[in-house]
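# Tertiary structure, described
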Amino acid sequence: MKSHTEYLEFKTSQRREYINITAEVETALAKSGIMEGLAMVGAMHITAGVYINDAEDGLIADIDEWLQKLAPQGVDYRHHRTGEDNVDAHLKTLLVGHQVIIPITR
């Protein structure tokens, strides 16, 4: 079985950002030489998520609004009593998902 690992780094400037990493994943896959199999794309930070969907601005705004409704920022969560202020990000990651598996077929 052939495998390939690559780590991508992204610097964000806002509390929530949506970064389209399709091109980076395609480049990593091309470098791997793998033509059939599975690719696992996962976030290496506990409050980052990975999902597959259309990269259309309206949909991304709808997803952001939906996540904010289900896990609003600014609520007095119990986790904040530890000195953290990002429990909404933890909850949003649970909703979006932490990794995706992509079937590779040529």
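As shown above, the structure is provided for reference.
Scope of this entry: the structure provided in the associated data block. (Residues numbered from 1 in each chain as written. Predicted model: local features only at pLDDT ≥ 70, side-chain atom pairs only at ≥ 80, totals over all residues. Heavy atoms only, no water.)

### Let's talk about the overall build of the chain
- Counting secondary structure elements, the chain contains 3 helices and 2 strands.
- Listing the helices and strands of the chain from first to last along the sequence gives α-β-α-α-β.
- With respect to the principal axes defined by its C-alpha atoms, the chain has extents near 50 × 30 × 20 Å.
- In the chain, which comprises 106 residues, the proportion classed as buried is 21%.
- As displayed, the chain has an accessible area near 8100 Å², and 53% of this comes from carbon and sulfur atoms.
- Computed over 10 positive and 16 negative side-chain charges, the inter-centroid distance for the chain is 6 Å. (Helix = DSSP H or I, 4+ residues; strand = E, 2+ residues; numbered from the N terminus. Buried < 20%, exposed > 50% of the residue type's maximum accessible area, 1.4 Å probe, protein only. Areas by Shrake-Rupley, 256 points an atom, 1.4 Å probe, with all protein chains shown as cover. Lys, Arg positive; Asp, Glu negative; His and termini not counted. Charge placed at Lys NZ, Arg CZ, Asp CG, Glu CD.)

### A closer look at a negative patch on the surface
- Together, Asp54, Glu56, Asp57 and Asp62 give the surface a local cluster of negative charge.
- Considering the arrangement of structural elements, one finds Asp62 in helix α2 (residues 57-70). (Patch = residues over 30% accessible without salt bridge, like charges linked within 9 Å, V, L, I, M, F, W, Y side chains within 5 Å. Salt bridge = Lys/Arg side-chain N within 4 Å of Asp/Glu carboxyl O.)

### Section: the pattern of salt bridges
- Across all of its chains, the model carries 7 salt bridges by this definition.
- Residue Lys31 pairs with Glu6 through a salt bridge whose shortest N-O separation is 3.1 Å. Of this pair, Lys31 sits in helix α1 (residues 22-32) while Glu6 is found in the segment before α1, placing the two residues 25 residues apart along the sequence.
- Assessed through its relative accessible area of 29%, Glu6 is described here as partly exposed.
- Glu65 is paired through a salt bridge with Lys69; the nearest N and O atoms lie 3.5 Å apart. Here Glu65 and its partner Lys69 are both found in helix α2, 4 residues apart, which amounts to about one turn of the helix.
- Its relative accessible area of 45% is what places Glu65 among the partly exposed residues.
- One connected set of salt bridges, linked through shared partners, spans Arg15, Asp85, Asp88 and Lys92.

### A word on the environment of Asp64
- As for its position among the elements, Asp64 is in helix α2.
- In the structure, Asp64 is positioned 19 residues away from Gly83 in sequence and 25 Å away in space, judged by C-alpha atoms.

### Details of the side chain of Asp88
- Summarising the element assignment, Asp88 is placed in helix α3 (residues 87-96).
- Asp88 gets classed as buried once you look at its relative accessible area, which sits at 2%.
- Each residue touching Asp88, except ones within four places of it in the same chain, is listed here: Arg15, Ala71, Pro72, Gln73 and Tyr77. (Contact = heavy atoms within 4.5 Å.)

### Looking at unusual backbone geometry
- Not every positive phi belongs to a glycine, and Arg106 is a case in point at roughly 45 degrees.
- One can find Arg106 in the segment after β2 (99-105).

### As for the nonpolar core
- If you look at the biggest cluster of nonpolar residues, it comprises 5 residues: Ile21, Val41, Ala43, Val50 and Val100.
- In this structure, Ala43 is in contact with Ala48, Gly49, Val50 and His98, ignoring residues within four places of it in sequence. (Core = buried A, V, L, I, M, F, W, Y, C linked by side-chain atoms within 4.5 Å.)

Geometry only, nothing functional implied.
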